[in-house]
Amino acid sequence: NAITASCGPVEMHVGSATRGTRLRAIAGPGVTVRFQANGDLGARMSAALRGGLRLHRRVILIGSDSPALGAEHLRRAARLLRSHPAVLAPAEDGGYALIGLARFSPRLFTAMPWSTGSVIEETRHRLAALQWRWCELHRVWDVDRPEDLARLDASHLLHWRRPARSTTR
């Protein structure tokens, strides 16, 4: 969806060299694969966003666990970032599936209660404390628990057609 959205360059941040090598092979043309920074989720997100903002005016970060985010969500976030310093897509579980920034502050990521139902609310408080205006997209679901896999399967978001096998030899 990130490529389909055509909002700008696409980077995939991965956790290990082995995984990164495999992902580079399937990422396809136009996708830059980078290795994540060390540290907790906040440190990794912070490094990716800060690095992106050194190269670009606006950056959108999404997790690999948010299949419900479509190209239209990313395009809307990109449009909103033209007039707002931050955009969020809240997740049903109290976190967020997307954060877009046109400026950076480490306060958004340091000592955050990650993987809890209070992440989006705490992020809103921090944005308000920074006196940043932000917009929010519609709430989406993500895949965090085993029961989310049934929803993912039922959504057909990951189903694709395999190429037909050739019968000629």
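If you're wondering where the values come from, they're calculated on a predicted model, not measured in any experiment. Throughout this document, residue positions are counted from 1 along each chain, in the order its sequence is written. Owing to the predicted nature of the model, reporting of local features is limited to residues with pLDDT of at least 70; listing and counting of side-chain atom pairs is limited to 80 or more, with chain, interface and lining totals taken over all residues. With hydrogens and water stripped out, all remaining heavy atoms of the structure feed into the side-chain values.

### What to know about the sheet that holds strand S4 (residues 86–90)
Step number 1: Strand order in this open sheet of four strands is S3-S5-S4-S6, and the pairing throughout is mixed. This sheet does not close on itself; its edge strands, each paired only once, are strand S3 (59–62) and strand S6 (134–136). Adjacent strand axes in the sheet meet at a mean angle of 15°, parallel and antiparallel pairs treated alike.
Step number 2: Pairs of residues are marked as contacts when any of their non-hydrogen atoms sit within 4.5 Å. Orientation is described by lines fitted to C-alpha atoms, with helices fitted over the stretch in contact, and by angles between N-to-C directions that extend from 0 to 180 degrees. Helix and strand definitions follow DSSP, with helices as H or I runs of at least four residues and strands as E runs of at least two, each counted in order from the N terminus. Where helix H3 (residues 41–55) meets the sheet, it contacts S3 and strand S5 (96–101), and its direction lies at approximately 155° from that of S3.
Step number 3: Where helix H5 (residues 119–129) meets the sheet, its contacts fall on S4, S5 and S6, and the angle it forms with S4 comes to roughly 165°. Between any two strands, pairing holds if DSSP finds at least two bridges.

### Topic: a positive patch on the surface
Step number 1: Residues enter patches when they are more than 30% accessible in relative terms and free of salt bridges; like-charged ones are connected within 9 Å and nonpolar ones (Val, Leu, Ile, Met, Phe, Trp, Tyr) within 5 Å. What sets the accessible areas is the Shrake-Rupley method with a 1.4 Å probe; for residues, cover comes only from the shown protein chains. Each reported salt bridge corresponds to a side-chain nitrogen of Lys or Arg within 4 Å of a carboxyl oxygen of Asp or Glu. In this charge count, Lys and Arg are treated as positive and Asp and Glu as negative; neither His nor the chain ends contribute. Throughout, a charge is located at the NZ atom of Lys, the CZ atom of Arg, the CG atom of Asp or the CD atom of Glu. A contiguous patch of positive charge on the surface is contributed by Arg 57, Arg 58, Arg 75, Arg 76, Arg 79 and Arg 82.
Step number 2: Note on placement: Arg 82 falls in the loop between helix H4 (71–80) and S4.

### Re the nonpolar core
Step number 1: Within the largest apolar cluster, 20 residues are counted, with the highest numbers of intra-cluster contacts made by Tyr 96, Ile 99, Leu 101 and Phe 109.
Step number 2: Elements that contribute at least two residues to this core include exactly H3, S3, S4, S5 and H5.
Step number 3: Ranked by residues supplied to this core, first place goes to H3 with four residues.
Step number 4: Ignoring sequence-local partners within four residues, the contact set of Ile 99 consists of Met 45, Leu 49, Val 59, Ile 60, Leu 61, Val 87, Leu 88 and Phe 109.
Step number 5: Throughout this description, the term nonpolar core refers to a set of buried Ala, Val, Leu, Ile, Met, Phe, Trp, Tyr and Cys residues connected via side-chain atoms within 4.5 Å. Type-normalised accessible area, obtained with a 1.4 Å probe on protein chains alone, sets the label of each residue: buried when under 20%, exposed when over 50%, and partly exposed for intermediate values. Counting residues in hydrophobic clusters, the runner-up holds 16 residues, among them Ala 71, Ala 97, Cys 135 and Leu 137.

### Let's talk about the environment of Arg 82
Step number 1: Classification of Arg 82 as exposed rests on a relative accessible area of 61%.
Step number 2: For Arg 82 and Ala 102, which are 20 residues apart along the polypeptide, the C-alpha to C-alpha distance reads 7.9 Å.

### Things to note about the packing of aromatic side chains
Step number 1: Any Phe, Tyr or Trp ring, taking Trp's six-membered ring, that has another such ring centre within 6.5 Å forms a pair; planes under 30 degrees apart are called stacked, those over 60 apart edge-to-face, and the others tilted. Counted by the stated rule, this structure contains two aromatic pairs.
Step number 2: Taking 6.1 Å as the distance between ring centres and 15° as the angle between the ring planes, the aromatic pair formed by Phe 104 and Phe 109 counts as stacked.

### What to know about H4
Step number 1: Along H4, the residues that are buried comprise Ala 71, His 73, Leu 74, Ala 77, Ala 78 and Leu 80.
Step number 2: Considering only its buried residues, H4 is in contact with helix H1 (2–5), S3, S4, S5 and S6.

### Considerations on the confidence of the model for the protein chain
Step number 1: What pLDDT expresses is the predictor's confidence in each residue, scored from 0 to 100. Chain-level pLDDT for the protein chain is 84 on average; 79% of the residues reach the 70-or-more range.
Step number 2: Per-element mean pLDDT across the protein chain ranges from 62 in helix H6 (residues 146–155) up to 98 in H5.
Step number 3: Overall, residues 161–169 carries pLDDT values under 50, and its contacts beyond four positions in sequence, including any with other chains, amount to zero contacts.

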